[in-house]
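Inside the fold
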Amino acid sequence: MVAQCGGECSCATCHVYVEAGDVGEPAEDELDMLELVAAERRPQSRLSCQLRVGPELDGLVVRIPETQY
Ligand code: FES
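A brief look at the structure comes next. Everything quoted here is computed from the prediction, not taken from an experiment. Along each chain, numbering runs from 1 in the same order as the chain's sequence is written. Since the coordinates come from a predicted model, pLDDT governs what is reported: local features require at least 70, and pairs of side-chain atoms require 80 or more to be given and counted, while whole-chain, interface and lining totals use all residues. In computing side-chain values, all of the structure's heavy atoms are included and hydrogens and water are not.

Once that is clear, we can look at the overall build of the protein chain. A count of helices and strands for the protein chain gives one helix and three strands. Here a helix means four or more residues in a row that DSSP labels H or I, a strand means two or more in a row labelled E, and each is numbered from the N terminus. Helices and strands in the protein chain line up, N terminus first, as β-α-β-β. Within these notes, the globule rule equals 2.2 Å times the number of residues to the 0.38 power, and the radius of gyration is based on C-alpha atoms. Its C-alpha atoms give the protein chain a radius of gyration of 11 Å, within 12% of the compact-globule value 11 Å for 69 residues. In the protein chain, which comprises 69 residues, the share counted as buried stands at 29%. Note on contacts: a residue pair is in contact if any heavy atoms of the two residues lie within 4.5 Å. When contacts within the protein chain are restricted to residue pairs at least 6 apart in sequence, long-range pairs at least 24 apart make up 65% of them. Areas reported as accessible are Shrake-Rupley estimates using a 1.4 Å probe. Residue values count occlusion only from the protein chains shown. Surface summary for the protein chain: the accessible area is close to 4400 Å², and the carbon and sulfur share equals 47%. Summary of the burial criterion: residues with accessible area below 20% of their type's maximum are buried, those above 50% are exposed, and those between are partly exposed, where the area comes from a 1.4 Å probe applied to protein chains only.

Shown next, in the form of structure tokens:
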């Protein structure tokens with residue numbers, strides 16, 4: 001994965017599809033950046049750098065769009 005901006009929510013190169021797991025709702029700035037993803041945007045699209053790591057992510061399943069690696 002590229003993750004070009006290093007987690008600053010300013011590049012959208014860390015786009016993933018969250019297939020399972022409780023990751024909460026995206027903030028407004030993440031929603032804005034999701035408008036710029038290179039791969040198809042889907043309802044489960046998220047920027048992985050904006051997901052907070054914690055026990056609630058146990059069982060998390062993400063898929064990486066081909067354009068992101
Ligand atoms: S790494 Fe740039 S938005 Fe996630």
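Structure's up, so let's keep going.
A pairing counts as a salt bridge when a side-chain nitrogen of Lys or Arg comes within 4 Å of a carboxyl oxygen of Asp or Glu. Under the criterion given, the structure shown has three salt bridges. Ionic pairing is found between E40 and R42, a salt bridge with its closest N-O pair at 3.3 Å.

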